[in-house]
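What follows is the residue order along each chain.
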Amino acid sequence: MKNGSSSDNQPVASKYSYYVFTLLTLLYMFDYIDRMIVASLFPFIKRDWGLTDAECGMLISAVYWSILAFSFPVSLFIDRWSRKKCIAIMALLWSLATAACAITKNFHQLFMARAAIGIGEAGYAPGGTAMISALFPKSKRALFLGLWSAAIPLGSAIGIAIGGWVANHFGWQHAFGLVAFPGMIVAFLFFWTRDYESVELVKTVKSDTENSQQVKMSKKDMVREFTHTGSLLATYFAFAGNTFVTTALLSWMPTYFHRIQGLDETTAGLKSSAVMLFAIIGAPLGGYLADRWQKRHANARLHFCIISSSITAILMMTAFGCLEGYAQYALLLAGGVSVAAFVPAAAAVTQDVVHPGLRATSYSLCVIVQNLVGSSMGPIFVGVVSDQYGISTAMTILPVFSLLASMLFFVASLFYKQDLAKVEKVEFRFES
């Protein structure tokens, strides 16, 4: 690829952009295969090791706690050093950690191996989001982030489906070993991609003569990018409200079908995977609709998040609280579409309203917030409520957090326009 540049209005060489995008999408898929395969293995691990539901939930949360601890420092390397090198190294690490899960002998060893997966995955979402935001123009940002995000439910569904089948036929340890190696292959390929040059951290200021000049950003300026951007802060916590729900659903839906409907582990995993596969429609559709609406309405991305989060809450509450059988499953499939629809528009907001040289850092802070009060807590919340009141009650209460997310997205929409007007305009240049 020739040297190219990308502003918010002009894409770089498209063929190479799509190649890098394909590798990023494959890595995201393997990320979630490795992350979520353990959910379908809960009944097997619980039987072999005598774990409680809360302990099973901790095997999911261990990944998110590691992401929480390492996301911010890793994102600084991504923004200031190299996107491609960081992403490739992280993919190798999380794949090796997944392989290590196959040889664990007790809960504590498996918990530590799962935590190591999180260390590898800590900066992937920030790095991938920053690369995609540079590869494609702002007018298509939510669409491509949506297509990329579709790898989350796809990987989760594949992981859960494969996990139950392999565990039934060969033993649950073999499931970890099987899914560990494809990610390593794509990671090696990613080492040979081209990266954009790190963006200089400067800001435009006006002098006494009204002439503008660029000066280097201080650490205080960088902190203010995040602490004084209302739409960004509210979006972070709204994201957390929704990921609280989605992670808990991914973790416990197979167990719900196994206990409430009496399905065997393989069938329960496949039925849960189908719900997650419908999220493959929701993520790119949400990005497409938000981008189309954005052309006519400046605040469309956040307003779309308000609507999709509210729809998710209504569908899931009704399905778990009021219905059974085919009617319940139909609503869960519809909820599978809506539950992922907010992701691309919300992710785009985290890139829209910050300095382009801090985009990976911005999304890493989003990851930290969503993991601290969202993803890491959702599985444990359902596990604890399930131990006390049953899995059905836990799943019925869960969608309340999507309603909370909708309210926070509304708060974010009140600040979005003024925050967008403050952002520096930067041209991206890619390596030759």
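Let us look at the structure shown here. (Residues numbered from 1 in each chain as written. Predicted model: local features only at pLDDT ≥ 70, side-chain atom pairs only at ≥ 80, totals over all residues. Heavy atoms only, no water.)

## As for the packing of helix α11 (residues 230–260) against helix α16 (residues 378–389)
What describes two packed helices is the angle between their axes and the distance between those same axes.
So, point 1. Running from N to C, α11 and α16 point in directions that differ by 40°, and their axes come no closer than 7 Å. One way to sum up the angle between α11 and α16 is to call them oblique. Residues F244, T247, A248, S251, W252 and R259 of α11 pack against G378, P379, F381, V382, G383 and S386 of α16.
So, point 2. Among the residues making up the contact of α11 with α16, the classes are represented as 6 nonpolar, 5 polar and 1 charged. (Axes fitted to C-alpha atoms, helices over the stretch in contact; angles between N-to-C directions. Helix = DSSP H or I, 4+ residues; strand = E, 2+ residues; numbered from the N terminus. Parallel < 35°, antiparallel > 145°, perpendicular 65-115°, else oblique. Contact = heavy atoms within 4.5 Å. Nonpolar A, V, L, I, M, F, W, Y, C, P; charged D, E, K, R; others polar.)

## Topic: the packing of aromatic side chains
So, point 1. Across all of its chains, the model carries 26 aromatic pairs by this definition.
So, point 2. Between Y28 and Y124 the ring centres are 5.3 Å apart and the planes differ by 55°, which places this aromatic pair in the tilted class. With a gap of 96 residues between them, Y28 in helix α1 (residues 14–36) and Y124 in helix α6 (residues 124–135) connect regions that are remote in the sequence.
So, point 3. Judged by its relative accessible area of 5%, Y28 falls in the buried class.
So, point 4. Residue classification places Y124 among the buried positions, given a relative accessible area of 0%.
So, point 5. When the ring of W65 is compared with that of F111, the centres are 6.3 Å apart and the planes differ by 55°; the resulting orientation is tilted. Taken together, the positions of W65 in helix α3 (residues 53–80) and F111 in helix α5 (residues 107–121) put the pair 46 residues apart, joining distant regions of the chain.
So, point 6. Members of the aromatic cluster, joined through ring pairs, are Y28, Y32, W94, Y124 and W148.
So, point 7. It is K271 that lies over the ring of F257; its NZ or CZ is 4.8 Å from the centre.
So, point 8. Sitting over the face of the ring of Y329, K271 holds its NZ or CZ atom 4.8 Å from the ring centroid. (Phe/Tyr/Trp six-rings, centres within 6.5 Å; stacked < 30°, edge-to-face > 60°. Buried < 20%, exposed > 50% of the residue type's maximum accessible area, 1.4 Å probe, protein only. Lys NZ or Arg CZ within 6 Å of the ring centre and 35° of its normal.)

## Topic: empty space enclosed by the protein
So, point 1. Throughout the structure, instances matching the rule amount to 2 cavities of 30 Å³ or more.
So, point 2. What the largest cavity holds in volume is close to 490 Å³.
So, point 3. Around the largest cavity, the lining comprises 36 residues; the ones closest to its centre are Y32, I152, T243, T246 and L250.
So, point 4. Those elements giving two or more residues to the lining of the largest cavity turn out to be α1, α3, α6, α8 (151–170), α11, α12 (265–294), α14 (325–352) and α15 (359–375). (1 Å grid on protein atoms, 1.4 Å probe; cavity = no way out; pocket = protein on both sides within 12 Å on 5 of 7 lines; lining within 4 Å. Points joined across faces, edges and corners; volume = space filled by probe spheres on them.)

## Notes on the nonpolar core
So, point 1. Judged by nonpolar contacts, the single largest core of 130 residues is most densely connected at L24, Y124, F190 and L249.
So, point 2. A per-element tally of this core places α11 first, with 15 residues.
So, point 3. Setting aside anything within four residues of it in sequence, one finds Y124 in contact with L24, T25, L27, Y28, D31, I87, M90, W94 and W148. (Core = buried A, V, L, I, M, F, W, Y, C linked by side-chain atoms within 4.5 Å.)

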